[in-house]
Every structure is written in C-alpha cells, then in structure tokens.
Amino acid sequence: MKIGRLNHVGVATPDVEAAARTYRELYGADEASDPIELPKLGVRVIFVRIPNMQIELIEPLGAASPIHKFLEKNPKGGQHHMCFEVPDIVAARDAMRERGATILGTGEPYTGAHGVPVIFVHPKNTGGVLVELMQEPEGEHA
Ligand SMILES: CC[C@H](C(=O)O)C(=O)SCCNC(=O)CCNC(=O)[C@H](O)C(C)(C)COP(=O)(O)OP(=O)(O)OC[C@H]1O[C@@H](n2cnc3c(N)ncnc32)[C@H](O)[C@@H]1OP(=O)(O)O
Ligand SMILES: [Co+2]
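Predicted, not measured: the structure shown is a model, and the values here were computed from it.

Participant: Let's hear about the overall build of the protein: which residues, and what values?
Facilitator: When helices and strands are tallied, the protein shows three helices and eight strands. N-terminal to C-terminal, the α/β element order of the protein is β-α-β-β-β-α-β-α-β-β-β. Rg of the C-alpha trace for the protein: 15 Å, near the compact-globule value of 14 Å for 142 residues, within the 12% margin. Projecting the C-alpha coordinates of the protein onto the three principal axes gives extents of approximately 45 × 40 × 25 Å. Counting over 142 residues, the protein shows a buried share of 39%. Of all intrachain contacts in the protein linking residues separated by at least 6 positions in sequence, the fraction that spans at least 24 positions is 53%. Carbon and sulfur atoms make up 53% of the accessible area of the protein, which amounts to about 8100 Å² in all. Side chains of the protein give 14 positive and 19 negative charges; the mean places of these two sets differ by 7 Å.

Set out below in structure tokens:
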C-alpha cells in the first residue's frame, strides 16, 4: 500500500467564513463551498477549491469536537492535517497497523466530509503531523 494524491489540507480556524474570505481576498482562491455542518464529525467545513486539491477549512461544531483542544492551543487556527487518497481504505488501515501506526478512534473507517470512508493516523507516527487517509472517490481516474 502506498498513499496517492493529496486530496486536501485541513486548516482549523475559529471562523470558516472569515478564513474563506482571506483565501479569496489574499490569494484569489474564489471557488469555495457554502459552510457545511457535520455534527456527527464535530466540525463545520468550507472547502476552498484550488487546482488538483482543496483547502478544508474546519471549525468546531459541538462540545465534543475533535478540534476544540487544537484551537485552545492555537486560538487563531493553523494547519491541522493532510489527507491522502488510497485505493482501498480497509487495506490501508491494515497496512498502517502492520507498519506499527496507531489508527485513531475505533480504528474502523467512517464516512468523512467527502462522503467516502476515512481513517486518521496518530500524529506521533508521522513526526507530529496528523494524517488522514480517504477512500479514493469513484471514477477519480476514469
Ligand atoms: C472527517 C471529516 C473531515 C474530512 O476530511 O472528511 C475532517 O478531516 S475533520 C478533521 C477533524 N477530525 C479529526 O481530526 C479526527 C481525528 N483527530 C483526533 O482524533 C484528535 O484530533 C487527536 C487525537 C489527533 C488529537 O486530539 P486532542 O488534541 O484532543 O488530544 P491530545 O491533546 O491528546 O493530542 C495528542 C497529541 O497529538 C497532538 N496533536 C493534536 N492535534 C494535532 C494535529 N492536528 N496535528 C499534530 N499534532 C496534533 C497533541 O499536541 C498531542 O501531542 P503531545 O506531544 O502528546 O502533547
Ligand atoms: Co480532512
């Protein structure tokens, strides 16, 4: 198993609309989704679409949000994770385990913000970088 395309970089922020405005006004990145609330995932998201990848702006949603603590430590926000596509998320999870990595949560892939299954690998396994792996969307390389 080897990781594929960088699908998105996750950026945590206290305010996804304000952050999207910055990417539009400072960098001309003017293709962005409306805010999307994902209560089961504990985040509110705006996708800023740039060529070949996205910036996933995420703000906490609900008391149990997984990014609360991150924003306590980084009140203005910051780079949060990188997400790579894999052809088979279950095979990828198994390979990560075989290679000694810690899969976060229950260890089972679950549906992420793109409607496909994802897993997260603990930052300690990647030199302090939180890595998300996501099932390659259907027809990606059609
Ligand atoms: C899934 C929907 C969407 C998508 O793309 O589909 C998203 O990507 S939503 C993104 C938000 N969801 C997640 O991040 C889920 C996985 N994350 C987690 O389970 C937690 O955030 C976790 C365990 C990575 C950290 O949780 P927390 O900060 O509450 O726990 P700790 O303080 O114990 O952290 C342990 C250790 O990790 C360091 N840390 C925390 N967050 C990050 C980060 N984003 N990047 C790098 N390192 C991080 C933290 O500082 C601790 O380090 P230590 O040296 O032990 O103090
Ligand atoms: Co993500």
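Still more to cover.
Participant: Describe the coordination of the cobalt ion (ligand 2), listing the residues and the values that go with them.
Facilitator: Protein coordination at the cobalt ion (ligand 2): the donors are His8 (NE2), Glu56 (OE), His81 (NE2) and Glu132 (OE), at 2.1 to 2.4 Å from the metal. Because the angles between the six donor atoms bound to the cobalt ion (ligand 2) fall within 79 to 172 degrees, the donor set is best described as octahedral. Sequence spacing among the residues donating to the cobalt ion (ligand 2) works out to H-x47-E-x24-H-x50-E. Taken together, the residues Glu56 in strand E4 (residues 53-60) and His81 in strand E5 (residues 78-86) connect sequence positions 25 residues apart. As far as burial versus exposure is concerned, Glu56 and His81 are alike and both buried.

Participant: Talk me through the pairing of strand E8 (residues 130-135); I want residue IDs and the actual numbers.
Facilitator: Counting buried residues along E8, six of its six residues qualify, which places the element largely inside the surrounding structure. Alternating residues of E8 divide into Leu130, Glu132 and Met134 and Val131, Leu133 and Gln135, and every residue in both groups is buried. Pairing between E5 and E8: six bridges, direction parallel. Within E8, the position partnered with Glu85 by the bridge is Met134. With four bridges joining them, strand E7 (residues 117-121) and E8 adopt antiparallel strand pairing.

Rules behind the numbers
- Residues numbered from 1 in each chain as written.
- Chains lettered and ligands numbered in written order.
- Predicted model: local features only at pLDDT ≥ 70, side-chain atom pairs only at ≥ 80, totals over all residues.
- Heavy atoms only, no water.
- Helix = DSSP H or I, 4+ residues; strand = E, 2+ residues; numbered from the N terminus.
- Rg over C-alpha atoms; globule rule 2.2 N^0.38 Å.
- Buried < 20%, exposed > 50% of the residue type's maximum accessible area, 1.4 Å probe, protein only.
- Contact = heavy atoms within 4.5 Å.
- Areas by Shrake-Rupley, 256 points an atom, 1.4 Å probe, with all protein chains shown as cover.
- Lys, Arg positive; Asp, Glu negative; His and termini not counted.
- Charge placed at Lys NZ, Arg CZ, Asp CG, Glu CD.
- Donors = N, O, S within 2.8 Å, 3.2 Å for Na, K, Ca; no water.
- Tetrahedral: all angles 85-135°; square planar, octahedral: opposite > 155°, others 65-115°.
- Pairing = 2+ DSSP bridges.

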